[in-house]
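# Secondary and tertiary structure notes
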Amino acid sequence: MKIRSAQVALLPMFAIVATVYVGSILWTIGISLTPSRSLPIYEFVGLEQYVALFRSSRWTTSLVNMLVFGAGYIGGCLALGYLMAIFIDQKVRAENALRTIFLYPHAMSFIVTGLVWQWIMSPTEGIQDFVRGLGLTGFTFDWIVRPDMAMYAVIIAGIWHGAGFVMALLLAGLRGVDTEIWKAARIDAVPAWRMYLHVVTPILVPVFVTCAVLLSTHAIKSYDIVVAMTKGGPGIATEVPAKFVMDYLFERSSVGRAAAAATVMLMMVMAVAAPVLYARAAAAKG
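Predicted model, so just to flag it, every value in this text is computed and none were measured.

Scanning the protein from N- to C-terminus turns up 13 helices and 0 strands. Seen in sequence order, the protein has helices and strands lined up from the N terminus as α-α-α-α-α-α-α-α-α-α-α-α-α. Its C-alpha atoms give the protein principal-axis dimensions of roughly 75 × 75 × 30 Å. Looking at the protein residue by residue over its 286 residues, the buried ones come to 40%. Put simply, of all contacts in the protein between residues at least 6 apart along the chain, 69% involve residues at least 24 apart. Taken as a whole, the protein presents about 16,200 Å² of accessible surface, with 70% of it coming from carbon and sulfur.

Structure, rendered in C-alpha cells:
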C-alpha cells in the first residue's frame, strides 16, 4: 500500500516530464520534417531539412569543430584531472585547500570561463600584452584571433573548467582502491608510477568511462564558452552545432533547419549515453 501511495504521489511529476520534456522532443522532431521558417508550418516535407543541413558547409564545419573540441577537451580533462587526483592522493599538506582550488573553476559557468579566458588570450590585453610589457616585444600569443588556432584556445579554457571535476571523481576512485594492493606493492618494491599505470588505472576504468560520457555531453552541447570567447569566429573557425542551432533559430529565422540540427545533436548524445546505460543495466542484472 505504501509503495502504491508513493507511485500515486509521483504521478504529477511523471505527467509533467512526459508533457514538457518528452513532448518538446517529439515536437522538435516533428518540426524538423516541415519547411518552417519564422513560425511553425505544419506541412510534411520528409527529410528535406536534413538533406539541406548536411549539404551546408557551415554545418559540416561545426561538426568537425565539435569533434576537435571534444577530443581535446575530454582527453585533456581526463589526463590533467588524473594527474591532479594522483597528486592529492599522496596525502599532501593542505589537501582540502588544494582540492577546493582545483575544483573551483568547475563552480563557474562556461560563460564566465569563456569571458575570463577571452581576456587572458586577448592580444591587446592578455598574456601577449603582459609579456611584451616586460620587454619581450617579439612575443606572440594570438591564438584566439587565428582561424587555425582559435579552437585550441577554446579547448584550453574548457580543460581549465572541467579538469577539477574529473579530479574529484577520480580521487574518490583512488581512495576506494584496496590498501592491501599498495602494501603488496611496497613489499615487492614496485615503483608508484608503475602501480598507477598498470594496476590502479585498469581498476578505475569505470570511473574514466563515466567522466568521458559526462564530458562528451558537455562537448556536444557546447555553446556558451564558444560564444563568450570567440562568437564562433574568426569567421566560422570555432562554430559548433549548438551555435548553429541558435543562429538558425533566432537570427536566420529557420525553425525547421534549427530543429533538424537539434535532432541530430540529440541523436549524438543518445549514441554516447546509450551504450553506457545498457552496459550498466546488463551489469546490474548479471
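After presenting the structure, the write-up continues.
This part takes up unusual backbone geometry. With an omega of -5 degrees, the peptide bond between G233 and P234 qualifies as cis. Among the secondary structure elements, P234 is positioned in the loop between α11 (224-229) and α12 (241-251). The phi dihedral of K91 falls on the positive side, at around 55 degrees, and the residue is not glycine. Mapped onto the elements of the fold, K91 is located in the loop between α3 (57-88) and α4 (95-107). With a phi angle near 55 degrees, A94 is a residue other than glycine that sits in the positive phi range.

This paragraph deals with the packing of aromatic side chains. The final tally for this structure, using the stated rule, is 9 aromatic pairs. With centroids separated by 6.2 Å and ring planes inclined at 90 degrees, the aromatic side chains of F54 and W59 adopt a geometry described as edge-to-face. Members of the aromatic cluster, connected to one another through ring pairs, are F54, W59, F244 and Y248.

With that settled, consider the side chain of Q128. One can find Q128 in helix α6 (residues 127-133). Look at Q128 and you get buried, because its relative accessible area is 7%. Excluding residues that lie within four positions of it along the chain, Q128 makes contacts with P123, F139, T140, F141 and D142.

Turning our eyes to something else, we now look at the pattern of salt bridges. All told, the structure shown has 10 salt bridges when counted by the stated rule. The shortest N-O distance in the salt bridge between D89 and R175 comes to 2.9 Å. Within this pair, whereas D89 is found in the loop between α3 and α4, its partner R175 is found in helix α7 (residues 150-175), the two being separated by 86 residues in sequence. Look at R175 and you get partly exposed, because its relative accessible area is 39%.

A contiguous nonpolar patch, built from V8, L10, L11, M13, F14, V17, Y21, V22, L26 and I29 and spanning about 930 Å² of accessible area, is present on the exposed surface. Classification of I29 by relative accessible area gives partly exposed; the value is 32%.

Formed by 43 residues in total, the largest nonpolar core has its most connected members in Y73, Y82, V166, L174, V200 and M229. Listing elements by their share of this core, those giving two or more residues are α3, α5 (110-120), α7, α8 (179-187), α9 (192-203), α10 (205-220) and α11. Once residues within four sequence positions are removed from consideration, Y73 is found in contact with F110, I155, G158, I159, G162, L215, H218 and A219. With 16 residues, the next largest nonpolar core counts Y50, I220, A242 and Y248 among its residues.

Among the secondary structure elements, D224 is positioned in helix α11. When its relative accessible area of 26% is taken as the criterion, D224 is described as partly exposed. C-alpha separation for the pair D224 and F54, spaced 170 residues apart in sequence, amounts to 24 Å. Filtering out sequence-adjacent residues up to four positions away, D224 remains in contact with F110 and I111.

Below, the discussion takes up α5. Residues of α5 that are buried: F110, T113, G114 and W117. For α5, the angular spread of buried residues about the axis comes to 100 degrees, placing them on one side. For α5, the secondary structure elements touched by its buried residues are α3, α4, α7 and α11.

Our next topic: the packing of α3 against α7. Two elements in contact, α3 and α7, have axes separated by 6 Å at closest approach and are oriented at 40 degrees. In terms of orientation, α3 lies oblique with respect to α7. Here α3 and α7 pass one another in a crossing that is right-handed. Classifying every residue of the contact of α3 with α7 gives 22 nonpolar, 7 polar and 1 charged.

Under the counting rule described, the total for this entry stands at 0 disulfides. C211 takes part in no disulfide bond, and the closest cysteine sulfur, belonging to C77, lies 9.4 Å away.

Basis of the calculations
- Once a new chain begins, its residue numbering starts again from 1 and follows that chain's sequence as written.
- In keeping with the predicted nature of the model, local features appear solely for residues at pLDDT of at least 70, side-chain atom pairs appear and are counted solely at 80 or more, and the whole-chain, interface and lining totals rest on all residues.
- Each side-chain value is derived from all of the structure's non-hydrogen atoms; neither hydrogens nor water enter the calculation.
- For helices the rule is a DSSP run of H or I covering at least 4 residues; for strands it is a run of E covering at least 2, with both sets numbered from the N terminus onward.
- Any residue under 20% of the maximum accessible area for its type is buried, any over 50% is exposed, and the rest in between are partly exposed; the area is computed with a 1.4 Å probe on protein chains only.
- Throughout, a residue-residue contact means that at least one pair of heavy atoms, one from each residue, lies within 4.5 Å.
- To be clear on the numbers: accessible area is Shrake-Rupley with a 1.4 Å probe, and residue cover counts the displayed protein chains and nothing else.
- Only Phe, Tyr and Trp rings are paired, with Trp represented by its six-membered ring, and only when their centres lie within 6.5 Å; those with planes under 30 degrees apart are stacked, over 60 edge-to-face, the remainder tilted.
- Basic side-chain nitrogens of Lys or Arg form a salt bridge, by our definition, when they fall within 4 Å of a carboxyl oxygen of Asp or Glu.
- A residue counts toward a patch only above 30% relative accessible area and without a salt bridge, and it is joined to like-charged neighbours within 9 Å or, for Val, Leu, Ile, Met, Phe, Trp and Tyr, to nonpolar neighbours within 5 Å.
- Residues belong to a common nonpolar core when they are buried Ala, Val, Leu, Ile, Met, Phe, Trp, Tyr or Cys residues joined through side-chain atoms within 4.5 Å.
- Here the arc refers to the directions that run from the helix axis out to each C-beta atom.
- Here, axes are lines fitted to C-alpha atoms. For helices the fit covers the stretch in contact, and angles between N-to-C directions go from 0 to 180 degrees.
- Oblique is the label for every angle not falling under 35 degrees (roughly parallel), over 145 degrees (roughly antiparallel), or within 65 to 115 degrees (roughly perpendicular).
- Here a crossing is taken to be left-handed if its near helix is turned anticlockwise relative to the far helix by less than a right angle, and right-handed if that turn runs clockwise.
- Residue polarity is assigned by list, with Asp, Glu, Lys and Arg as charged and Ala, Val, Leu, Ile, Met, Phe, Trp, Tyr, Cys and Pro as nonpolar; anything else, Gly included, falls into the polar class.
- Two cysteine sulfurs form what is called a disulfide whenever their separation falls within 2.5 Å.

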